Protein chains: 2
Amino acid sequence: LTFDSACIIGLGLIGGSLARDLAALGIEVSGYDPDPNTVKAALETGTLKAALPETLDGAAAHHIVIVATPVREVPAILERIAKQKPRAPLITDVGSTKQAIIAAADEVGLGQQFVGSHPLAGLERSGWEASRTGLFHDAPAFLCRTATTDEAVLEQAREFWRLVGACPTVIDAAEHDARMAWISHLPQAVASALARALKHHGFNRHDLGPGGRDMTRLAASDARMWTDIMLTNRVELERAIANTAAQLTDLRNALLDEDEDGVLRFLEGGKV
Amino acid sequence: LTFDSACIIGLGLIGGSLARDLAALGIEVSGYDPDPNTVKAALETGTLKAALPETLDGAAAHHIVIVATPVREVPAILERIAKQKPRAPLITDVGSTKQAIIAAADEVGLGQQFVGSHPLAGLERSGWEASRTGLFHDAPAFLCRTATTDEAVLEQAREFWRLVGACPTVIDAAEHDARMAWISHLPQAVASALARALKHHGFNRHDLGPGGRDMTRLAASDARMWTDIMLTNRVELERAIANTAAQLTDLRNALLDEDEDGVLRFLEGGKV
């Protein structure tokens with residue numbers, strides 16, 4: 001193993017699960033979380049060797065630094081880490097959007113040491129309580145270079161994600177974000193829109209069948225975290241939402257017209 | 001058991017699963033399906049004791065007749081059965097919309113013997129191959145009276161659904177259909193709209209994470225069957241789709257305005 005020690009900032013579903021996996025591999029994990037109960041639980045289970053202070057002093061001494069906070073908090077944290085003149089050979093994050101984060105890493109002078117990461121492992125659960133070992137097993141992990149990432153650092157990022165069972169793929173940050181707007185952020189937006197429509201009409205989860213429950217499950221996700229993700233990816237997400245709303249309008253029109261062929265073609269055309 | 005024999009018209013997911021459950025309970029099941037391979041398989045597995053001809057001659061001699069075809073085919077089949085002056089103490093169906101079907105039962109003179117049924121057990125799978133015993137275990141089954149249903153017949157319908165493990169509830173047909181437009185047909189429509197948007201942008205199921213796959217799974221459902229359901233319930237479904245499209249537009253506008261509070265409120269308001 002190239003890493004003896006790691007530092008994880010933010011011990012939610014993703015950060016907490018990484019901490020558990022790394023600890024299980026015998027790596028010394030230090031960490032910080034704004035919730036003192038989370039830090040206490042992580043120390044008591046032996047997942048964390050040490051807790052970091054809110055200033056994050058000492059973070060930069062670790063072999064790898066992972067920022068696992070909501071996406072819009074990442075730039076400020078990178079700035080704080082940059083001031084420590086980190087010797088860490090790899091600094092990464094786990095956020096669902098990548099362009100703003102890798103730009104921030106370059107801006108604070110961490111570009112060479114930084115690789116943006118996005119493991120596709122989050123579900124509607126969140127927080128330390130939801131974290132577990134093995135969360136990243138067979139999960140895709142997208143890796144994005146900054147303008148200046150060292151090739152050796154990128155190789156270390158690949159090794160790191162393979163270590164926890166994920167399948168790393170290097171992708172351009174802009175392409176990543178555009179792709180995620182459709183395949184990840186759009187389904188989240190649609191689940192919330194459907195859940196709101198049902199709620200508005202007086203229905204809740206208990207009223208639904210198995211299909212309806214699947215279709216609204218994501219709506220239970222952390223709203224704060226998704227607000228950050230959606231705002232950082234708003235341009236492409238807005239296009240994706242507009243396309244989906246237009247699809248719904250096409251179906252409405254076919255129903256209003258009692259257009260049997262139109263409804264059939266609509267449904268046939270939705271087989272992916 | 002009040003029923004020694006049953007006749008099932010249409011041996012797809014629902015009809016086939018009912019046939020399997022009834023056969024397992026020792027009830028003699030006769031059946032018809034337009035697909036000769038389905039009939040052959042149902043006879044070979046011993047699920048069916050006898051196959052009915054396309055004319056459905058002999059259907060009315062059974063204790064219970066279950067019409068398990070796509071909803072818009074039910075009225076014509078009821079008409080054919082009515083001509084046999086059936087002695088069957090219970091005639092029912094399994095369709096996802098109920099108003100048109102119970103009106104048809106009254107119209108052809110089967111009102112007293114007929115109870116409309118809708119077991120909430122269908123998923124995206126369909127056809128005899130997808131049928132299995134135990135499909136209705138703990139599933140809600142909605143029962144709708146015609147204008148003239150005998151109370152004793154309604155009691156038999158309740159008993160029938162309890163026999164296969166379902167939980168019967170009597171509900172007004174108009175109320176049933178309005179409810180289903182929201183909790184069942186709307187999620188189906190939204191899954192297809194989302195799948196179409198993704199497909200239109202070049203993505204397929206393999207590109208999606210677990211959340212996106214859940215959100216598009218229903219889009220693989222039988223398009224012909226759902227065209228029937230959606231057209232028979234088009235008035236309320238159109239309202240439900242319009243509400244959902246309006247929700248998506250609200251989110252779009254909040255994103256276009258970079259309205260952080262608006263996005264957060266939208267997502268918080270989708271927790272059902």
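These figures come from a predicted structure and were not determined experimentally. Position numbers for residues start from 1 in each chain and track the written sequence from start to end. For naming, the first written chain is A and the first written ligand is 1, with later ones following in the order written. Predicted model: local features are reported for residues with pLDDT of at least 70 only, side-chain atom pairs are reported and counted for 80 or more only, and whole-chain, interface and lining totals are derived from all residues. Where side-chain values are given, they derive from all heavy atoms of the structure, hydrogens and water being excluded.

Residues and elements named next belong to chain A. Pairing between two strands is assigned when DSSP locates at least 2 bridges connecting them. Helical segments are the DSSP runs of H or I of at least four residues, strand segments are the runs of E of at least two, and each set is numbered from the N terminus. Taken in spatial order, the eight strands of this open sheet run β3-β2-β1-β4-β5-β6-β7-β8, and their pairing is mixed. At either end of the open sheet lies a strand with only one pairing partner, and these are β3 (50-51) and β8 (167-170). Of the strand pairs in this sheet, strand β4 (residues 64-67) and strand β5 (residues 90-93) are connected by four bridges, and their pairing is parallel. Bridge assignment links I66 to a residue of β5, and that residue is T92. Against the sheet, helix α1 (residues 13-24) makes contact with β1 (5-9), β2 (28-32), β4 and β6 (114-119), and its axis sits at roughly 165 degrees relative to β1, the strand it touches most. Packing of helix α5 (residues 151-163) onto the sheet brings it into contact with β4, β5, β6, β7 (140-145) and β8, and relative to β7 it is tilted by some 165 degrees. The contact criterion used is simple: two residues touch if any of their non-hydrogen atoms lie within 4.5 Å. Angles shown run from 0 to 180 degrees and are taken between the N-to-C directions of axes, each axis being a line fitted to C-alpha atoms and, for helices, limited to the stretch in contact.

Let us now look at helix α9 (residues 234-256) of chain B. For a helix, the expected span equals 1.5 Å multiplied by the residue count minus one. Under the 1.5 Å per step criterion, the end-to-end length of α9 of chain B is 32 Å for 23 residues, consistent within 8% with the ideal 33 Å. One or two residues past the end of α9 of chain B sits E258 of chain B, with phi positive at roughly 50 degrees.

So, on to the packing of aromatic side chains. Each pair of aromatic rings taken from Phe, Tyr and Trp, with Trp reduced to its six-membered ring, is defined by centres within 6.5 Å and is described as stacked if the planes are under 30 degrees apart, edge-to-face if over 60, and tilted in the remaining cases. In total, this model carries six aromatic pairs over all chains according to the counting rule given. With a centroid separation of 6.0 Å and an interplanar angle of 90 degrees, the aromatic rings of F3 of chain B and F160 of chain B are classed as edge-to-face. One end of the pair, F3 of chain B, is in the segment before β1 (5-9); the other, F160 of chain B, is in helix α5 (residues 151-163), with 157 residues separating them in the sequence. Judged by centre distance (5.0 Å) and plane angle (75 degrees), the ring pair of F160 of chain B and W161 of chain B falls under edge-to-face. Side by side, F160 of chain B and W161 of chain B carry an identical accessibility label, which is buried. Grouped by ring-pair contacts, the aromatic residues F3, F136, F160 and W161 of chain A constitute a single cluster. Geometrically, a lysine NZ or arginine CZ counts as sitting over a ring once it is within 6 Å of the ring centre and also within 35 degrees of the ring normal. Geometry around W128 of chain A places R20 of chain A over its ring, the cationic atom sitting 4.1 Å from the centre. Only protein chains enter the area calculation, which uses a 1.4 Å probe; residues under 20% of their type maximum are buried, those over 50% are exposed, and those in between are partly exposed.

Moving on: the pairing of strand β2 (residues 28-32) of chain B. Here is the key point about a regular strand: its side chains alternate between the two faces of the sheet. Residue and element names in this part refer to chain B. Buried residues dominate β2, accounting for four of its five residues. Summarising the sheet, β1 and β2 pair through five bridges and their orientation is parallel. Counterpart to C7 in the pairing with β2 is S30. Looking down the strands as they point away from the viewer, one classifies a crossover as right-handed if the path from the first strand across the helix to the second runs clockwise. With helix α1 (residues 13-24) bridging β1 and its parallel neighbour β2, the resulting β-α-β unit is right-handed. With two bridges joining them, β2 and strand β3 (residues 50-51) adopt parallel strand pairing. The residue bridging S30 from the neighbouring strand is A50, located in β3. In terms of handedness, the path from β2 via helix α2 (residues 36-44) over to β3 forms a crossover that is right-handed.

Moving on, we get to the packing of helix α6 (residues 173-200) of chain A against helix α6 (residues 173-200) of chain B. Remark: α6 of chain A packs on α6 of chain B, axes separated minimally by 11 Å, with the N-to-C direction vectors making an angle of 160 degrees. Between α6 of chain A and α6 of chain B, the crossing angle belongs to the class labelled roughly antiparallel. Crossing of α6 of chain A against α6 of chain B: the hand is right-handed. Each of W182, I183, L186, P187, V190, L194, A197 and L198 of chain A in α6 of chain A lies in contact with α6 of chain B, whose residues at this interface are W182, I183, L186, P187, V190, L194, A197 and L198 of chain B. In this count, Pro and Cys sit with the nonpolar residues alongside Ala, Val, Leu, Ile, Met, Phe, Trp and Tyr, while Asp, Glu, Lys and Arg are called charged and the others, Gly among them, polar. For the contact of α6 of chain A with α6 of chain B, the per-class residue count stands at 16 nonpolar, no polar and no charged. Working definition: roughly parallel below 35 degrees, roughly antiparallel above 145 degrees, roughly perpendicular at 65 to 115 degrees, and oblique for all remaining angles. By definition, any crossing whose near helix is turned counterclockwise from its far helix by less than a right angle is left-handed, and any crossing with a clockwise turn is right-handed.

A separate point is the sheet that holds β3 of chain B. Strand pairing in a sheet relies on backbone hydrogen bonds. The paired strands run either parallel or antiparallel. All names here are of chain B. On the basis of which strands lie adjacent, the open sheet formed by eight strands has the order β3-β2-β1-β4-β5-β6-β7-β8 and mixed pairing. Where the open sheet ends on each side, the last strands, each with one partner, are β3 and β8 (167-170). Relative to the sheet, α1 contacts β1, β2, β4 (64-67) and β6 (114-119), its axis offset from that of β1 by approximately 165 degrees. Most of the contacts of α6 go to strand β7 (residues 140-145), to which it runs at about 140 degrees, and overall it touches β6 and β7.

This brings us to the nonpolar core. In this structure, I9, L186 and M230 of chain A together with I9, L186 and M230 of chain B are the most contacted members of the largest nonpolar core, which totals 120 residues. Not counting residues within four places of it along the chain, the set of residues in contact with M230 of chain A comprises H185, Q188, A189 and L237 of chain A together with L251, L255, V263 and L267 of chain B. Residues belong to one nonpolar core when they are buried, are Ala, Val, Leu, Ile, Met, Phe, Trp, Tyr or Cys, and are joined through side-chain atoms within 4.5 Å.

Turning our attention to helix α4 (residues 99-107) of chain A. All names here are of chain A. Considered for burial, the residues of α4 that qualify are I101, I102, A104 and A105. Angularly, the buried residues of α4 cover 155 degrees about the axis, an arc narrow enough to put them on a single face. G109, located one to two residues past α4, shows a positive phi value of around 85 degrees. Comment: arc refers to directions from the helix axis out to C-beta atoms.

We now examine the relation of the copies chain A and chain B. For the least-squares superposition of copies, only C-alpha atoms count, and only for residues with pLDDT at least 70 in both. Of the transformation placing chain A onto chain B, the axial shift is 0.0 Å and the rotation is 180 degrees, giving an RMSD of 0.0 Å. Expressed as a symmetry operation, the mapping of one chain copy onto the other fits a two-fold axis. Interface residue correspondence from chain A to chain B reaches 100%, placing this contact among same-surface, isologous pairings.

Note on definitions: the grid is 1 Å and covers protein atoms alone; a cavity is a set of points where a 1.4 Å probe fits but cannot get out; a pocket is an open set with protein on both sides within 12 Å along at least five of seven lines; lining residues have an atom within 4 Å of a point. Grid points are joined across faces, edges and corners, and a volume is the space filled by probe spheres set on the points. Scanning the model with the defined rule gives one cavity of 30 Å³ or more in all. As for the largest cavity, its lining consists of Q188, S192, L218, A219, S221, D222, A223 and W226 of chain A together with L267 and K271 of chain B. Put simply, the parts of the chain that give the lining of the largest cavity at least two residues each are α6 and α8 (223-232) of chain A. Here the lining of the largest cavity is composed, by residue class, of five nonpolar, three polar and two charged.

All names here are of chain B. For L56, which is not glycine, the phi torsion reads 65 degrees and is therefore positive. Here L56 is to be found in the loop between β3 and β4. Phi is positive for E258, close to 50 degrees, though the residue is something other than glycine. With respect to the helices and strands, the residue E258 is situated in the loop between α9 and α10 (260-268).

In short, the description is geometric, and any link to function would need to be established separately.
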